[in-house]
Amino acid sequence: MKHSVKLRKPLLKQLKADNLKGRIIQSQPIWVRIFHWGFAISLVVIISTGLQLHKPAHFLALNFSKVLVAHIVFSWFALGFLVLRFTDALIRKDDSLIPKIRDLKHFPKLMAYYFFLRSSPPPARKYNSGQLLIYFSWFLVFLLASFLGLASYWQGEHLIWVWHLVGGFQMIRWIKFIISIYFLATIPVHIYLSLTEDISRLQAMVTGYERKPPMKNESKNFPRIK
Amino acid sequence: MLSRRDFLKLVVKGAVLGNFSQLITPPLAKAVAAGEVHKLPVVMIETGTCTGDSISLDNIWTPTFSDILTNILDWRYDWIMNQVQGQEAYGILQETYEKMPHEYILIVQGSMIQRDNGHYNHVGYENGKLITGIELVRRIGLKAKYVVAIGSCATYGGPVSGYPNPTQSTGVQNILPERRVINVSGCPAHPDWIVGTLLHLALYGEPELEKFGRPKLFYGETVHNRCPRRRFYDQGIFATAIGQKECLFRIGCKGPVTYSDCPIRRWNDRYNWPIGCNTPCIGCTEPGYPDLMSPFTSHFPDIPFPGGTKVNTDSFGLGVLGLTSVAITGHVVTSLYKGRIQKNLLKTSAKTNHRPALKKAQAFHKYWLKKTNKI
């Protein structure tokens, strides 16, 4: 037989808080989340339209002008989200995405963990060395691809030095293709690890809050929700 | 005399009607006869070449090439056109170099062969010594009024500089960095492009050049932008094999990355052009041709690996993605086997310290009669 006891909300909250595992802290501010999902959606459109423009699929009879327009528009969106993230990082003085030497020193240990030679990952700042390398490289190659895209969009009217440096339209196209392959190879790794390593971090990318292990010497009665 | 604006109009009109030389020659011949224009002294040096550009130049239909030689240009030295040979012919080149400095136009056809100081390409014999192509082009080029490189080989190295480039061939601009070289690229260059550039030089001086040193009036737009099959591309209707009438993009057409006015000028007296006979553009006017444009039926060039193996870019991309898929699948299986995924999920997803335990509460029992065999 089901019995239901009605408790007052503050009391219920307190009971839940006492029973919560670890601490809940704000991990991803709103602008980071907006950037993450906005950039992710834009990138999906950019890569899929780019591949369609590169090699039209048999089963799709798409209007190519519209595909090109979508490719360019979402590239601008992605750049906008990137600027947003950059500004946010400047305002908050957030350097969590910039790899530092001390981060990279942990890289071999991290690889040992991923190859099952260690039972736990090495200590890290907000992001581990592998994440830092991949995220930072994404920023760089995306900026490079956007720049090359701009050069090819202007068809040699502007940024002529880029054409000379790279060696022509075909090379610009080739580099952009290789960059898209890099994204296509690393994004699944990112998704896989975010689903299987620490699911609460994935939750943080939606709600903003993440569960962390309890701090040492933490009192039981200490308020845990921050 | 024709104004520059009228000349540019004739370039476009001639491309559309297919009679550029016919349109341009009468006013020009009049101007030459009236003494308004001096006949341009021209010398042509052939280095590492198949002479295809000379053959292409011969294909001017009306007026004939001989009309141009007689009325418009002072064609002084050219292996194909020379009426004399040996020292007598070479003497004309030397005379032009010595007596007409900064007056003549140097046309170079063929790539600059640099291996072993250019000794795989001898183009002259002087005082008992063989003269290399790079030596002669540098010497004559430094005193020329204009230097014009015609054909893919002279402009950017072309097929001669193709992988693995055993002769270390390159374009004229690389061995004449002091001079601005006017590039009239193409494999071969269209006769209108060559004659049009020479006429512009004679009448108005150097034409406006685009990013790779080519005259904008011929190389200002991509083949793709002017292609008569562009509507098929825009609608996503593609040929799946050579010989079909739709857009040839899917079978490797390089029109989107190739700058030239082939779609409106066409070839062989405007009779046809590659896309007109249902084969893709191979991008012969672009730097990096043919390495960056081959295989001609594929969008991207093959990637060379040590040992001479070449891998198609698309296959390379698919290989990388396949490797990633295999790696992730292997990691998932190992993680499940070792219990890492289960542990991580429990550690990071359990909301509370004490999970509520469920106890089965049976409220009532149901009893059913057993089926028994009746005796």
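Named according to an unreviewed UniProt entry, chain B is Hydrogenase small subunit originating from Desulfosporosinus hippei DSM 8344. Per UniProt, the comment on chain B under Subcellular location (unreviewed entry) is "Cell envelope". Of chain B, the UniProt comment under Sequence similarities (unreviewed entry) reads exactly: "Belongs to the [NiFe]/[NiFeSe] hydrogenase small subunit family."

Naming follows an unreviewed UniProt entry, where chain A appears as Ni,Fe-hydrogenase I cytochrome b subunit of Desulfosporosinus hippei DSM 8344. Turning to chain A, the UniProt annotation filed under Subcellular location (unreviewed entry) states: "Cell membrane".

On to the UniProt feature "domain: Cytochrome b561 bacterial/Ni-hydrogenase" (unreviewed entry) in chain A. When the UniProt feature table is mapped onto this chain numbering, "domain: Cytochrome b561 bacterial/Ni-hydrogenase" (unreviewed entry) sits at residues 28-208 of chain A. Secondary structure across residues 28-208 of chain A divides into 75% helix and 0% strand, with the first and last C-alpha atoms of the span separated by 5 Å.

Residue and element names in this part refer to chain B. Partitioning chain B into structural domains gives domain 1 (4-220) and domain 2 (221-299). Between the C-alpha centres of domain 1 and domain 2 there is a distance of 26 Å. The partner domain 2 presents 20 residues to the 32 residues of domain 1 that form the contact. Between the two partners, domain 1 and domain 2, sit 2 salt bridges. Note that glutamate 286 is salt-bridged to arginine 214, the shortest N-O span being 3.0 Å. On the surface where domain 1 and domain 2 come into contact, there are 9 residue pairs in polar contact (both at pLDDT 80 or more).

This next bit is on the side chain of B:Ser111. One can find B:Ser111 in the loop between β3 (105-109) and β4 (112-113). The contact partners of B:Ser111, leaving out residues within four places of it in the chain, are B:Thr47, B:Gly48, B:Cys153, B:Ala154, B:Gly157, B:Val160, B:Ser169 and B:Thr170.

The next subject is the nonpolar core. All names here are of chain B. Grouped together as the largest cluster of nonpolar side chains are 65 residues, with contacts concentrated most on Trp75, Ile105 and Ile107. Here the element with the most residues in this core is helix α10 (residues 191-204); it accounts for 7 residues. Excluding residues within four positions of it along the chain, isoleucine 107 makes contact with Val42, Val43, Met44, Ile45, Trp75, Val148, Ile150 and Leu198. With 26 residues, the next largest nonpolar core counts Ile45, Val137, Ile140 and Ala144 among its residues.

Here the focus is the environment of B:Lys13. Residue and element names in this part refer to chain B. Topologically, lysine 13 is positioned in helix α1 (residues 4-17). On the accessibility criterion, lysine 13 (45% relative accessible area) is partly exposed. Considering only alpha carbons, one finds lysine 13 and leucine 23, 10 residues apart in sequence, at a separation of 8.7 Å.

The UniProt entry lists residues 30-53, 59-84, 132-154 and 174-195 of chain A under the feature "transmembrane region" (unreviewed entry), expressed in the numbering used here. Helix makes up 100% of residues 30-53 of chain A and strand 0%. Its end C-alpha atoms lie 34 Å apart.

What counts as what
Residues numbered from 1 in each chain as written. Chains lettered and ligands numbered in written order. Predicted model: local features only at pLDDT ≥ 70, side-chain atom pairs only at ≥ 80, totals over all residues. Heavy atoms only, no water. UniProt positions renumbered as here; feature names shortened; annotations may be inferred. Helix = DSSP H or I, 4+ residues; strand = E, 2+ residues; numbered from the N terminus. Domains from an automatic or database assignment. Contact = heavy atoms within 4.5 Å. Salt bridge = Lys/Arg side-chain N within 4 Å of Asp/Glu carboxyl O. Polar contact = N/O pair within 3.5 Å; in protein donor to acceptor, adjacent residues only side chain to side chain. Core = buried A, V, L, I, M, F, W, Y, C linked by side-chain atoms within 4.5 Å. Buried < 20%, exposed > 50% of the residue type's maximum accessible area, 1.4 Å probe, protein only.

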